[in-house]
Amino acid sequence: MKNKMKKTPKIKIALGSLIVLFLILFIAFIVLISDYSEKGATNSPYSKVDSEFDYAKLEATAQMSGGAQGFVGEDAIGINPTEFLTTWNFNNLPTDERSKYYKETRLGDGTLLREYWIYAIDREIEVAPGIFYPAWTYNGQVPGPTIRATEGDTVRIHFINGGTKSHSIHTHGFHTNAMDGVMSQEQGLLLPDESYVYEFKAEPFGTHVYHCHGIPVTEHIARGLHGAYIVDPLKDTRPKPDKEFVMVMNGFDVNFDGENEIYAVNSIAFEYVRNPIKVKQGELVRIYLSNMLEFDAINSFHVHANFFEEYPTGTKLEPDFFTDITVMGQGERSILDMRFKYQGKYMFHAHKTEFAELGWTGFFEVEE
Amino acid sequence: MMNKKMLFTAVFPIFLLFALFFIFTSYGPIGVFKTDLPQVEKIFIERFELEPGIIYIHIVNDGPEQVTISQITVNEMFWNFEMFEDNIFKPLERGVLKLNYPWVEGDPYRIVIFASDGVTFDGEIEVATSTPKFNWIYFKSFVMLGLYVGVIPILVGLLWFPFLRRLNRRWYYFLLSLTIGLLAFLGFDTLAEAFGLIGEMPQSYNGVGILVLGFFLAILTLSAISHKIKSFGAEKNEHHKSLTWGYFIAIGIGLHNLGEGLAIGSAYSIGEIALGSALVVGFMIHNVTEGIAIVAPLTKNYERIKHLIIHLIAMGGIAGGPTIIGTLIGGFSYSTALSVFFLAIGAGAIFDVAFDILYSMAKEKGQSLFTITNVLGFFAGLLVIYLTGFLVLG
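Residues numbered from 1 in each chain as written. Chains lettered and ligands numbered in written order. Predicted model: local features only at pLDDT ≥ 70, side-chain atom pairs only at ≥ 80, totals over all residues.

1. Concerning the overall build of chain A
Looking only at helices and strands, chain A has 7 helices and 20 strands in total. Sorting the 368 residues of chain A into buried and exposed places 39% on the buried side. Within chain A, counting contacts between residues at least 6 apart in sequence, those at least 24 apart form 69% of the total. (Helix = DSSP H or I, 4+ residues; strand = E, 2+ residues; numbered from the N terminus. Buried ≥ 20, exposed ≤ 12 C-beta atoms within 10 Å, placed from the backbone. Contact = placed C-beta atoms within 7 Å.)

Shown next as structure tokens:
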């Protein structure tokens, strides 16, 4: 009892001290809180306005920062992308070099025999600055070489499969069963190191495509085995174009997850932003547009400050539409005729804007 | 002294290892290894730092191969970025990517980083909000937060001491069991948190290794300390044992609270939790139980402890103070590896002291460990901390 009497005051002091400490802390809070809430409106962690930052300048910087970083290499897709626009039947090559891939022979009926030498080649292409994609190509380029003939000509393609998978050339157009490029060698689907000769009459006139039909077809097309095949009408009543451009809309699934990460026209993201396509004010520009995009159901083309006459598939001599957007499913194509009214730089892009921001954007530069 | 034979047996395996290493590297991998496997590229996004109009991405190369960063998309759009050095990352190299991006407060953003060979690495900003910068306002906010959820509740818990000491002596064992219950819960909770964090950190950091290291470091250090104390004969005095327990519990809980603080601070700074008053109150009530765990062993022999009040305040500080440090570290520079390490130390300390109390109770003469009182006490401890845990749902 005596002992306890002695100890109790000590406990009381302890308890008292604790409470005092507690009170001091509590008062400290009140001070902190009041200070905090006083400035809270402008300085709270979630406030949007902070005088430290120049919002207008930040927004301006941000608006200039869209798009891909850097530049692609010299030989990104096996052919200069600006050159690709105006290249068909290897007309970009010097004569002796060209003869290795293309030969014309006049036939008795006045039509031409056009012979092509096309090789399937595995190679890496650069689909956006710094991003390399293991592609399967025709003649080392993506899109493949553009084949262009006049209605009634004979097209003969000597195809050599130098790749590591089965490949073929399946053209859209009239041809016999043996020239279809599917299923087996009897129909023109080749194992590695095999070769074959496809031959058919160029018909009907229009803007078409060709692509590999090895399976899975999705992968064979997406990997880069696709290109444009143009058949000009024998009797053309359309206005004569001043400039003609070949554009193949495509995309790349660079991480192989079954979806495209990169979209483009003629394979390189934002290429014609960095190097705009030069045209003259008022001249007739004709675009042979085809959609070889895989994985996505549709693609589209839109041009700024302009409208175009559209010839769907190019199979008629009168345009069906006068518009500024055309939407295409996989494998669809059109001929677009347009004239730019004013000088300056005008954007063209997929009006599926997600694709546009992932690479499918370019510019026309209209000069005097 | 080591004789030559002994030295040889010690060095020979090392020599052999080097010889094998030399053969392996100079003559190439043998047989099965010699395949042209695709590169294993891994970029780990450590965190995002947001300023108005700017996103910084902190990354580390988490794989065995060099990685070249080529492009970045934000919400399905290619975006220019700046690197502070080059865009080539060697294994374990860290770096920051800067994007001038007009992000909108509160919106989520999906970021995809493209390596040169098309491999992609995804990251997500769940809620975009400015990352706190170290300034007086934020410093005060985080100190306040730490005081609220850590120090205050434990001091409140300690205030139960006068009540607990007046309880009947046989309640002492109930309280000790309750403490073990509380500690067991906290120990598992801390471990679970550490394991959770391991899933969020770069694999190359070897999170499990850090955890094991911290866990046993704590147990062994505390055991060595209590052994030292015993060998000084302090064991003879019961009150010294109680005091040692009190401090060990405080250390364990302190490390647990450091981890908790880290989690709260980082979650707060990336906008994951808006610390509403309900959540803070929840944390407070939850942590009051930690105060009880500290004082329970002291209720038996407190009369003989000199300067009890200083000890109590010190224990409260040790247990609660780390919450403040944790919120500050977590709020301004969060490191998962460090968090895992501290959490593991905390878990080790908690389990060590829980086992120590249990062992001491079992040694008590004429007492069964599993009396109704003890078992009920243990369950009461588990239940109290479990139920108060519901208050911390945010």
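2. Focus: the overall build of chain B
Helix and strand content of chain B: 10 helices and 8 strands. Looking at the 394 residues of chain B, the share that counts as buried comes to 44%. Within chain B, contacts between residues separated by at least 24 positions form 82% of all contacts whose residues are at least 6 apart in sequence.

3. Considerations on the pairing of strand E6 (residues 94–99) of chain B
All names here are of chain B. Inspection of the sheet shows strand E2 (residues 54–61) paired to E6 by 6 bridges, in the antiparallel sense. Counted as the bridge partner of His58 is Val96 from E6. Alignment of strand E4 (residues 82–83) against E6, held across 2 bridges, turns out to be antiparallel. Paired with Glu82 across the bridge in E6 is Lys98. (Pairing = 2+ DSSP bridges.)

4. Topic: the sheet that holds strand E9 (residues 226–232) of chain A
All names here are of chain A. Ordered by their spatial adjacency, 4 strands build an open sheet running E4-E9-E8-E6, and the pairing between neighbours is mixed. Whereas interior strands pair on both sides, the edge strands pair on one side only; in this sheet they are strand E4 (147–150) and strand E6 (170–171). One ladder, built from 6 bridges, connects strand E8 (residues 206–211) with E9; its direction is antiparallel. By the bridge assignment, Val209 is partnered in E9 with Ala228.

5. Some remarks on unusual backbone geometry
If a residue is not glycine, its phi is most likely negative; likewise, a peptide bond is most likely trans. Residues and elements named next belong to chain A. Looking along the chain, the bond that leaves Val142 and enters Pro143 is cis, with omega of -5 degrees. Inspection of the secondary structure assignment puts Pro143 in the loop between strand E3 (131–138) and E4. Note that the residue after Ile215, namely Pro216, is joined by a cis bond; omega there is -5 degrees. Tracing the sequence through the fold places Pro216 in the loop between E8 and helix H5 (217–222).

6. Some thoughts on the domain arrangement of chain B
Residue and element names in this part refer to chain B. Segmentation of chain B into domains returns domain 1 (43–125) and domain 2 (136–392). At the interface, 5 residues of domain 1 touch 4 residues of domain 2. A class-by-class count of the residues in the side of domain 1 that touches domain 2 yields 3 nonpolar, no polar and 2 charged. (Domains from an automatic or database assignment. Nonpolar A, V, L, I, M, F, W, Y, C, P; charged D, E, K, R; others polar.)

7. Concerning the sheet that holds strand E8 (residues 120–125) of chain B
Strand pairing in a sheet relies on backbone hydrogen bonds. The paired strands run either parallel or antiparallel. Residue and element names in this part refer to chain B. Spatially, E5-E3-E7-E8 is the arrangement adopted by the 4 strands of the open sheet, whose pairing is antiparallel. A strand with exactly one partner marks an edge of an open sheet, and here the two such strands are strand E5 (88–89) and E8. In this structure, strand E3 (residues 67–74) lies alongside E5, joined through 2 bridges in antiparallel fashion. The residue bridging Thr68 from the neighbouring strand is Ile88, located in E5.

8. Remarks on the packing of helix H4 (residues 170–198) of chain B against helix H9 (residues 336–363) of chain B
All names here are of chain B. The interhelical angle for the contact between H4 and H9, taken along N-to-C directions, is 155 degrees, at an axis separation of 8 Å. As summarised for this structure, H4 and H9 are arranged roughly antiparallel, according to the angle between their axes. Pair H4 / H9 crosses with left-handed handedness. Partitioned by chemical class, the residues of the contact of H4 with H9 number 20 nonpolar, 6 polar and 1 charged. (Axes fitted to C-alpha atoms, helices over the stretch in contact; angles between N-to-C directions. Parallel < 35°, antiparallel > 145°, perpendicular 65-115°, else oblique. Left-handed = near helix turned anticlockwise from the far one by under 90°.)

9. Some words on the pairing of strand E13 (residues 285–291) of chain A
All names here are of chain A. Burial within E13 is extensive, with 7 of its 7 residues counted as buried. Taken together, the 6 bridges between E13 and strand E18 (residues 333–338) define a ladder with antiparallel strand orientation. By the bridge assignment for E18, Ser290 is matched with Arg333.

10. With respect to the nonpolar core
Nonpolar side chains in soluble globular proteins generally cluster together in the buried interior. Among the nonpolar cores identified, the biggest contains 109 residues, and A:Val127, A:Met247, A:Ile262, A:Ala269, A:Trp360, B:Ile72 and B:Leu99 are the most heavily contacted of them. In this view, A:Trp360 contacts A:Met249, A:Tyr263, A:Ala264, A:Val265, A:His349, A:Ala350 and A:Phe355; residues no more than four positions away in its chain are not counted. With 73 residues, the next largest nonpolar core counts B:Val151, B:Leu211, B:Ile251 and B:Val353 among its residues. (Core = buried A, V, L, I, M, F, W, Y, C linked by C-beta atoms within 7 Å.)

11. Quick word on helix H2 (residues 136–158) of chain B
With 23 residues, H2(B) should cover 33 Å at 1.5 Å per step; its first-to-last C-alpha distance of 31 Å lies within 8% of that length. When the local axis directions of H2(B) are compared, the greatest deviation, roughly 40 degrees, occurs at B:Leu147. (Expected span 1.5 Å × (residues − 1). Bend = angle between axes of the 7 residues up to and from the residue.)

12. Comments concerning the confidence of the model for chain B
All names here are of chain B. Summary statistics for chain B give a mean pLDDT of 80 and a share of 87% for residues scoring 70 or more. Mean pLDDT across the elements of chain B ranges from a minimum in helix H7 (residues 277–295), with 72, to a maximum in strand E7 (residues 109–115), with 93. The ipTM, which scores confidence in the relative placement of chains, is 0.77 for this predicted complex, and the corresponding pTM is 0.75. (pLDDT = per-residue confidence, 0-100.)

13. Examining the environment of B:Leu258
All names here are of chain B. Tracing the backbone through its elements, the reader meets Leu258 in helix H6 (residues 238–269). Residue classification places Leu258 among the buried positions, given that 27 C-beta atoms sit within 10 Å. When the C-alpha atoms of Leu258 and Gly320 are compared, they prove to be 8.4 Å apart, with 62 residues separating the residues in sequence. Excluding residues within four positions of it along the chain, Leu258 makes contact with Pro322, Ile325, Gly326, Phe342 and Gly346.

14. As for the confidence of the model for chain A
All names here are of chain A. Averaged over all residues, the pLDDT of chain A is 88; the fraction at 70 or higher stands at 87%. No element of chain A has a lower mean pLDDT than helix H1 (residues 2–43), which averages 56, and none a higher one than E13, which averages 97. Predicted confidence for residues 1–7 stays below pLDDT 50, and this span has 1 contact to residues more than four positions away or in other chains. Note that pLDDT drops below 50 for residues 35–48; the model gives that stretch 10 contacts with residues more than four away or on any other chain.

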